[in-house]
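What follows is the residue order along each chain.
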Amino acid sequence: MTPPVDQPIIDTMIGFPIRDPDGTYGFITRQTKDAESRRDLRMPAGYMFKDVPDHGDTGIDPVALTLAEMDRHGIAVGLVGIKGEDGRRAVREHPGRFAGCLSVDPNQGMDALREMTAMHAEYGIRAVDVFPAGTFPQVAINDKKMYPIYAKCVELGLPIFVCAGVPGPRVRLEPQRVEYLDEVMFDFPELVLVTRHGCEPWTDLAVKLMLKWPNLYYSTSAFAPKYYPREIVDYANTRGPHKILYGGYFPMGLTLDRIMAELPGVPFKDSVWPRFLHDNARQVLKLP
């Protein structure tokens, strides 16, 4: 029940060393109110993580560093954000190793839709993502401002990754209540939606909704493998082997060394590992 060593991995959440933490996380800290979040934490959910990776001042090219880490740990393809130049350069220069994902802000209205269309045409993005609790003002998963984003994803044939459950940063949780997914999937049965960041404390509900809605998936992003929710592991081993996708969190909060050291301890069945590590992501992202 350990992961097969010869299996390629598709990481549905990986990034590049953060050279400007204040600028990168400013969209979150501008709405936090506690002093620790604003001044002391290296990342807004840093209180939750031990040994947050720090490669920002090494002088090494960020894309080269992440690519070397991927090679070292058997990650064949990484889904990366293309808001910054590092992500765009990675997708341009290494199209077989990096797939683009566009972070969208539903508060931008039509500008967000135009950007989705442009990035799909120019960079061939494979997905869109949104952090409802991190939008400002906050926009809930089922808010009417989100509906044009969902409709555009269906039109372009793109999955959307949505953070659900209690957010790590000290912002309001209400926009990410897991029950809101039910309304969205009812209204957009063609939409492929993948949850990020755990769905806690509503993982039981997330499983029920995945059973109900064929196009609803779950990724393990931002969780060290030893903390994968029991309900999710049980679901993958029974009725949902096709619904759970591997997602890391390098370099935002976890090292790949830690993730890969803990991964063999996850009690997935042998038949689940290929689906979890790459098959499900390849299908959702429509990778060749």
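The structure we're discussing is the one just above.
Let me sum up the structure you'll find in this document. One numbering rule holds for all chains: residues counted from 1, following each sequence as written. Local features are withheld for residues below a pLDDT of 70 in this predicted model, meaning they are given only at 70 or higher, and side-chain atom pairs are given and counted only at 80 or more; totals for whole chains, interfaces and linings count all residues. The basis for every side-chain value is the complete set of non-hydrogen atoms in the structure, without hydrogens or water.

Another aspect to go through is the sheet that holds strand E4 (residues 127-130). The eight strands lie next to each other as E1-E2-E3-E4-E5-E6-E7-E8, forming an open sheet whose pairing is parallel. The sheet is open, and its two borders are formed by strand E1 (9-11) and strand E8 (244-245), each paired with just one other strand. Note on pairing: DSSP must find at least two bridges between two strands before they are called paired. Counting from the N terminus, the helices are DSSP H or I runs at least four residues long and the strands are E runs at least two residues long. When strand E3 (residues 98-103) meets E4, the two strands line up parallel, connected through three bridges. Across the sheet, residue Ser103 finds its bridge partner in E4, namely Asp129.

So, on to the packing of aromatic side chains. A pair of aromatic rings is counted whenever rings of Phe, Tyr or Trp (Trp by its six-membered ring) have centres within 6.5 Å, and the orientation is called stacked for planes under 30 degrees apart, edge-to-face for over 60 and tilted otherwise. With the rule as written, the count across this model stands at 10 aromatic pairs. An angle of 55° between the planes, with centres 4.8 Å apart, marks the rings of Phe268 and Phe276 as tilted. In this structure, Phe268 and Phe276 share a single accessibility class: buried. By way of ring pairs, the aromatic residues Tyr228, Tyr246, Phe268, Trp273 and Phe276 are connected into one cluster. The rule is short: NZ of Lys or CZ of Arg within 6 Å of the ring centre and within 35 degrees of the ring normal puts a charge over the ring. The ring of Tyr217 carries Lys243 above its face, with NZ or CZ at 5.5 Å from the centroid. Note on classification: 1.4 Å probe, protein chains only; a residue is buried when its accessible area is under 20% of the maximum for its type, exposed when over 50%, partly exposed between these limits.

A few words on the environment of Lys208. Looking at where Lys208 falls in the secondary structure, it is placed in helix H8 (residues 203-212). Lys208 sits 39 residues away from Gly247 along the chain, and the two C-alpha atoms are 21 Å apart.

Note that side chains of opposite charge can pair when their charged atoms are close. Salt bridge, as applied in this entry: a Lys or Arg side-chain nitrogen positioned within 4 Å of an Asp or Glu carboxyl oxygen. Throughout the structure, instances matching the rule amount to 18 salt bridges. Where Arg92 meets Glu85, a salt bridge forms, and the shortest distance between an N and an O atom there is 2.7 Å. We classify Glu85 as partly exposed; its relative accessible area is 45%. Members of the salt-bridge network, linked through shared partners, are Asp34, Glu36 and Arg170.

In this section: the environment of Gly81. Assignment of secondary structure puts Gly81 in strand E2 (residues 75-81). By relative accessible area, Gly81 is classed as partly exposed at 38%. Throughout, a contact is declared for two residues whenever any of their heavy atoms are within 4.5 Å. Those residues in contact with Gly81 that sit more than four places away from it in its chain are Gly87 and Cys101.

Right, let's talk about the pairing of strand E7 (residues 216-219) for a bit. Residues Leu216 and Tyr218 line one face of E7 and the alternating positions Tyr217 and Ser219 line the opposite face, and both faces are buried. Where strand E6 (residues 193-196) and E7 come together, three bridges link them in parallel fashion. Considered in E7, the bridge of Thr195 is made with Tyr218. Looking down the strands as they point away from the viewer, one classifies a crossover as right-handed if the path from the first strand across the helix to the second runs clockwise. Handedness of the crossover joining E6 and E7 through H8 is recorded here as right-handed. Judged from the two bridges that link them, E7 and E8 form a sheet pairing that is parallel. Residue Tyr218 lies in a different strand from E8, and its bridge partner there is Ile244. This β-α-β element, E7 to helix H9 (residues 230-237) to E8, shows right-handed connectivity.

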